[in-house]
Amino acid sequence: MSDCRHQHLFELLKDRDDLSDGLEEPAEGIGGARPAPVDTSDAVPRNGTRRRSVAARFASVFVLLSAALLNSALVTTVMVFFVVVFLFARDLPEHDALLNYKPAEITQIYSVDGVLLDEFATQRRIFTPIDDIPEVVKNAFISAEDKNFLEHSGYDLRAIGIALVDALRTGDEMRGASTITQQVLKNFLLADDPPLDRKVKEFILANRIETALGKDRILELYLNEIFLGQDSYGVTAAARTYFNKSLEELELREAAVLAALPKAPSKMHPVDDMARLRARRNYVLREMHENGFITQDVYNAEIWAPLETVQSGDIPGFAAALPPRSYFTDEIRRQLTETLGEERFKSGGLTIRASVDPEMQRTAAQALRRGLESYDRKRGVWRPTGQRVAAADLASEPAWRAALSDIPVARDIDLDGRWRPAVVLSLDGYRARIGIEGVEAAPGGHWINLRAAPWRRRQDTDGTVGRRARSARDLLRDGEVVHVRAETSGDGNFVRWSLRQVPEIQGGFMAMEVNTGRVIAMHGGFSYQHSPFNRATQAMRQPGSVFKPFVYAAALARGYDPTSRVLDAPLEIETPNGTWRPKNASGGFLGHTTLRTGLERSRNVMAVRLARQIGLDPIAELAGRLGIYDPMTPHLANVLGSQETTLAKLVAAFAKIANGGRDVHPTMVDAVLDRTGTPLLQDEGTARTSEPSGFSGGTRVLDAVTAYQLTSMMRGVVERGTASRAVSLPVPAAGKTGTTNASRDVWFVGFTSTVVAGCYMGFDDPRPLGPGAYGGTMCAPVFQEFMSKAVRTYGGEDFEVPEGGYVVKFNRHTGARLHDGASGPHVVSEFIRRGEEPDNGGIASATPVRIDGSTNRVSRNRWNDAGSVRVERPAYPGIAQGGRDPRPASGAFGARPASGTGRQSDRSRFFEQLGR
């Protein structure tokens, strides 16, 4: 009798596709494949303990056997059924939590023009409501996984019977009987239960959730949660992964491929297991035909269609269209992770609109890379990447290509053309034959000629530098991985391949709108893939002379003006560590000199003397108020930028000068929306929820007159000072160069009326950059390249003149007031605060003054070799104080300057570069 029942059940299996035999995986899950576990601890609470009594185990087995033997022992089966329900009903999770289920979703970052820039995820899922899932996708999955889904009440007794017979026939576990409803239960509520207990609980709960949720919600949960291989969860992410399409764009056969994957996603690779996947796809198509979803003609056409996927190379991949991860998007990740938490950022399905201007970002990366590479190539030292392809792989093109694709070198470098990884295949004289990633082999091979390369010595990984190169073998080795770039002619035709290397020197660049704080470009190094450390926001460096404007700002706020004069002459200061003699980069002195000239020419000694006159407290207070330091330590050397800060803080501080003294903070995102489209962070100030319409004010952190006077003085830096040879823009621009002691760091931060931008360069382990390394020669050209394009987009105009002052002409060297009709290179129009008429000797046409180093007094004659000069006037007139000496009488940092010492003819022995 038992054999007859089995035979009857075997007949029910005749319509099953033989092609599907052997496709099942041992692990259970949706359709037989167990997806990655999902953490539903927050969304799906469980009640009670998971006790597993002997009675429960016995009841579980018995109820399944009873289901197979429907025509016998009916009373016993019914009794066991009620016993099982009673035992397991006490230990069931709350299914109502499924109503509020929020799956882990991809967080996406977009540019201001809607271009997808980056994605972050713990599970690559894009949740799609059931109404937005096309019918063809729904029908494919129902046909493949649960053809009776629309009719049953959560479980399918017929499928259970067939699965049981299969288990009895094969001796394997019973599988394949779970409905979509049961699979949802297993994945969301019962993932941690033992298999036998889970089956019984699924049976009990299935009808309950069908009633509570309905078919659409159950199918929605299933199609969004299911794991479909290739790190893709849910049908929307899988459609993008396999076909680079949205769900609406899927062809019928492509939807069938997705529906084929749950059976065994790890064994259905479109390349490695193409025949198996194709067979399963055709099974799904046949089921769709038999269920009435497609016609016979459509079925006949679709089963012979080729299997084309991203993985097989037939379709361009979605990931390939994404730009490489950048310093900008990674900084957004870092900041929002701190604000929202890592789990919410990576799993919350956030939509983020970044403030980045893609064109400006590309320009910033190009400009910074060009500056870094230019310095590196001048050094003439070749450093290998340290990566090699094994000698055994060099003779075979497929072998070296496969090996090269796995080598971890930067692939995100674009500098006057894309840099490509290449492997040295052989060396011949001064030539090297190379194999290039992504470039087909050429007749005769690809070659680089090292005679044209700037490198003449090889520096090995241990730091040793070899002899001057006499052949290619002195620089390269067989199998080494290098970077190359295609050189082209003026008309764009290929000329040759050239050897490139990632510079050892690094740097950062950042640009933002002066009125809104929106960061439009940021680049934190030569290559993110080579080094993801963001030197624009994370590197603590000495700013050098870039800090001097804030020393002058503190003085301007205390009654000085740009015509005020400070002595530029030798200075000695006794410190606990000995005598400190601050020095100018040029090694000379200018005598009594105006603040304007002191800033334009970056006079170190003047900045130190000025700081001693006004005291360090107002400088430190201003530096803290502008966000440069928190706090600034009270050391006099800090007025020359010896205390470390970041490029981002300095750029933001300069923006507050450029906008007239208003507080503004860098922001990298305009909007953050959660998965429902609700704006986040409106109160935290981390993001904006709409396009900024302009500067709306803000806390004043700097007096408007002081900000304008300082801006005018920094315009002089650009027009005739330390940046004049590198910066020339069609709109008014201001800025400041900076070079630290021994040229360990070089800087330039500058601005127009709309955009502020800053650059720094230096080795990650700070060490001297060598002769000729200045902010004006290295960083100012980077600023110029970037701003030349920025002004075409963001414009620029004269800086707004504030109320509370008037314009008077002065001699920029002496500070003497001139008549309104005065003209010439020495004439400058200064903005004077109303009520603070400068006392500078009246209207005159003065010549530059000089200081006698032995007497510390002013002379209108030039220095002579003997140091003998004619004294004209005291060295310390009342400057801009109505005849008062503005210097404090005493104090730790307020003592009057020491007298100058030594003869001017000996000054060359006293000075070294400290900063320009």
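Everything quoted here is computed from the prediction, not taken from an experiment.

Rules used in this analysis
Residues numbered from 1 in each chain as written. Predicted model: local features only at pLDDT ≥ 70, side-chain atom pairs only at ≥ 80, totals over all residues. Heavy atoms only, no water. Helix = DSSP H or I, 4+ residues; strand = E, 2+ residues; numbered from the N terminus. Polar contact = N/O pair within 3.5 Å; in protein donor to acceptor, adjacent residues only side chain to side chain. Contact = heavy atoms within 4.5 Å. Phe/Tyr/Trp six-rings, centres within 6.5 Å; stacked < 30°, edge-to-face > 60°. Buried < 20%, exposed > 50% of the residue type's maximum accessible area, 1.4 Å probe, protein only. Lys NZ or Arg CZ within 6 Å of the ring centre and 35° of its normal. Expected span 1.5 Å × (residues − 1). Salt bridge = Lys/Arg side-chain N within 4 Å of Asp/Glu carboxyl O. Pairing = 2+ DSSP bridges. Axes fitted to C-alpha atoms, helices over the stretch in contact; angles between N-to-C directions. Parallel < 35°, antiparallel > 145°, perpendicular 65-115°, else oblique. Left-handed = near helix turned anticlockwise from the far one by under 90°. Nonpolar A, V, L, I, M, F, W, Y, C, P; charged D, E, K, R; others polar. Core = buried A, V, L, I, M, F, W, Y, C linked by side-chain atoms within 4.5 Å. Patch = residues over 30% accessible without salt bridge, like charges linked within 9 Å, V, L, I, M, F, W, Y side chains within 5 Å. Areas by Shrake-Rupley, 256 points an atom, 1.4 Å probe, with all protein chains shown as cover. Lys, Arg positive; Asp, Glu negative; His and termini not counted. Charge placed at Lys NZ, Arg CZ, Asp CG, Glu CD. pLDDT = per-residue confidence, 0-100.

### Describing the side chain of Arg-369
Right, so step 1: By secondary structure assignment, the location of Arg-369 is in helix H16 (residues 358-379).
Right, so step 2: A polar contact is formed between the side chain of Arg-369 and the backbone oxygen of Asp-412, at a distance of 3.2 Å.
Right, so step 3: Residues within four places of Arg-369 in sequence aside, it is in contact with Asp-412, Ile-413, Asp-414, Leu-415, His-523, Phe-526 and Ser-527.

### Observations concerning the packing of aromatic side chains
Right, so step 1: Scanning the entire structure with this criterion turns up 18 aromatic pairs.
Right, so step 2: Seen from their ring centres, Tyr-242 and Phe-243 are 6.5 Å apart, and the 50° between their planes marks the pair as tilted.
Right, so step 3: A residue is classified by how much of its surface remains accessible, and Tyr-242, at 2% relative accessible area, is buried.
Right, so step 4: A network of ring pairs unites the aromatic residues Phe-547, Phe-550, Tyr-629, Phe-654, Phe-751 and Phe-799 as a single cluster.
Right, so step 5: In this structure, Lys-215 is placed above the aromatic ring of Phe-149, and the distance from its NZ or CZ to the ring centre is 4.5 Å.
Right, so step 6: Over the aromatic face of Phe-763 sits the side chain of Arg-767, whose NZ or CZ is 3.8 Å from the ring centroid.

### A look at the environment of Ala-237
Right, so step 1: Relative to the helices and strands, Ala-237 resides in helix H9 (residues 235-243).
Right, so step 2: Judged by relative accessible area, Ala-237 falls into the buried class, the value being 2%.
Right, so step 3: Taking C-alpha positions, Ala-237 is 9.9 Å from Phe-227, a pair spaced 10 residues apart along the chain.
Right, so step 4: Ignoring sequence-local partners within four residues, the contact set of Ala-237 consists of Arg-124, Arg-125, Ile-126 and Ser-232.

### Observations regarding helix H22 (residues 647-658)
Right, so step 1: The first and last C-alpha atoms of H22 sit 16 Å apart over 12 residues, in line with the 16 Å expected at 1.5 Å per residue.
Right, so step 2: In terms of burial, H22 is largely enclosed, as 11 of its 12 residues are buried.
Right, so step 3: Those residues of H22 lying buried are Leu-647, Ala-648, Leu-650, Val-651, Ala-652, Ala-653, Phe-654, Ala-655, Lys-656, Ile-657 and Ala-658.
Right, so step 4: Looking one or two residues past H22, Gly-660 carries a phi angle of roughly 95°, positive in sign.

### Concerning the pattern of salt bridges
Right, so step 1: With the rule as written, the count across this model stands at 53 salt bridges.
Right, so step 2: The shortest N-O distance in the salt bridge between Arg-353 and Asp-670 comes to 3.8 Å. Here Asp-670 lies in strand S19 (residues 669-673) and Arg-353 lies in strand S5 (residues 351-354), a separation of 317 residues in the sequence.
Right, so step 3: Note on Asp-670: relative accessible area 0%, which makes it buried.
Right, so step 4: The residue Arg-485 makes a salt bridge to Glu-487 at a minimum N-O spacing of 3.0 Å.

### A word on the pairing of strand S2 (residues 116-120)
Right, so step 1: Within S2, 5 of the 5 residues are buried, leaving the element largely enclosed by the surrounding structure.
Right, so step 2: Alignment of strand S1 (residues 107-110) against S2, held across 4 bridges, turns out to be antiparallel. Among the inter-strand pairings, Tyr-110 is bridged to a residue of S2, identified as Leu-116.
Right, so step 3: Hairpin connection, S1 to S2: the antiparallel pair is bridged by 5 residues, and Gly-114 has positive phi, about 85°.

### With respect to the packing of helix H18 (residues 548-556) against helix H23 (residues 704-719)
Right, so step 1: In contact at an axis separation of 10 Å, H18 and H23 are set at 135° when each is read in the N-to-C sense. Relative to H23, the element H18 is oriented oblique. For H18 against H23, the interelement crossing comes out right-handed. Contacts from Pro-549, Tyr-552, Ala-553 and Leu-556 of H18 reach H23 at Thr-706, Gln-709, Leu-710, Met-713 and Met-714.
Right, so step 2: Its residues assigned to classes, the contact of H18 with H23 shows 7 nonpolar, 2 polar and no charged.

### Points about the nonpolar core
Right, so step 1: Membership of the largest hydrophobic core comes to 128 residues, with the highest contact counts inside it found for Ile-619, Met-761 and Phe-786.
Right, so step 2: Counting residues per element, this core draws most heavily on H22, which supplies 10 residues.
Right, so step 3: Look past the residues within four positions of Ile-619 in its chain and what remains in contact with it is Phe-547, Val-551, Ala-554, Ala-611, Ile-614, Met-632 and Val-639.
Right, so step 4: Ranked by size, the runner-up nonpolar core spans 51 residues in total, among them Ala-239, Leu-250, Leu-258 and Met-268.

### Thoughts on the side chain of Thr-737
Right, so step 1: Note on placement: Thr-737 falls in strand S20 (residues 734-739).
Right, so step 2: Taking relative accessible area as the criterion, Thr-737 reaches 0% and is therefore assigned buried.
Right, so step 3: Here Thr-722 takes part through its side chain, which lies 2.6 Å from a polar atom of the side chain of Thr-737.

### Examining the sheet that holds strand S13 (residues 506-513)
Right, so step 1: With antiparallel pairing, the 5 strands of this open sheet are ordered in space as S14-S13-S22-S21-S20. Two strands bound the open sheet, and with one partner strand each, they are strand S14 (519-523) and S20. Here the average twist between neighbouring strands, direction ignored, is 5°.
Right, so step 2: Here S13 runs beside S14; their pairing, made up of 4 bridges, is antiparallel. By the bridge assignment for S14, Ala-511 is matched with Ala-521.
Right, so step 3: In the packing of helix H25 (residues 780-794) onto the sheet, contacts are made with S13, S14, strand S21 (746-751) and strand S22 (755-762), and the angle to S22 comes to roughly 160°.

### Some points on the sheet that holds strand S12 (residues 494-500)
Right, so step 1: Spatially, 5 strands are ordered S9-S8-S7-S11-S12 in an open sheet, and the strand pairing comes out antiparallel. Edge strands, defined here as strands with exactly one partner in the open sheet, are strand S9 (446-449) and S12. Between one strand axis and the next, the sheet turns by 50° as a mean value, whatever way the strands run.
Right, so step 2: Bridge count between strand S11 (residues 481-488) and S12: 6 bridges; the pairing is antiparallel.

### A few points about unusual backbone geometry
Leaving glycine aside, a negative phi is the common case for residues, and trans is the common case for peptide bonds.
Right, so step 1: Residue Pro-631 is reached from Asp-630 by a cis peptide bond, and omega for that bond is -5°.
Right, so step 2: In this fold, Pro-631 is placed in the loop between helix H21 (616-625) and H22.
Right, so step 3: Its identity as a non-glycine residue notwithstanding, Ser-602 has a phi of 55°, on the positive side.
Right, so step 4: Among the secondary structure elements, Ser-602 is positioned in the loop between helix H19 (595-600) and helix H20 (604-614).

### As for a negative patch on the surface
Right, so step 1: Negative charge collects at one region of the surface, where Asp-131, Asp-132, Asp-216, Glu-248 and Glu-249 lie side by side.
Right, so step 2: Tracing the backbone shows Glu-249 in the loop between H9 and helix H10 (252-260).
Right, so step 3: Accessibility expressed as a relative area gives 45% for Glu-249, which makes it partly exposed.

### Points about the confidence of the model for the chain
Low pLDDT means the predicted atomic positions in that stretch should not be read closely.
Right, so step 1: In the predicted model, the chain carries a mean pLDDT of 81, and the fraction of residues at 70 or more is 74%.
Right, so step 2: Contacts of residues 683-696 to residues separated by more than four positions or lying in other chains number 36 contacts, the stretch itself having pLDDT below 50.

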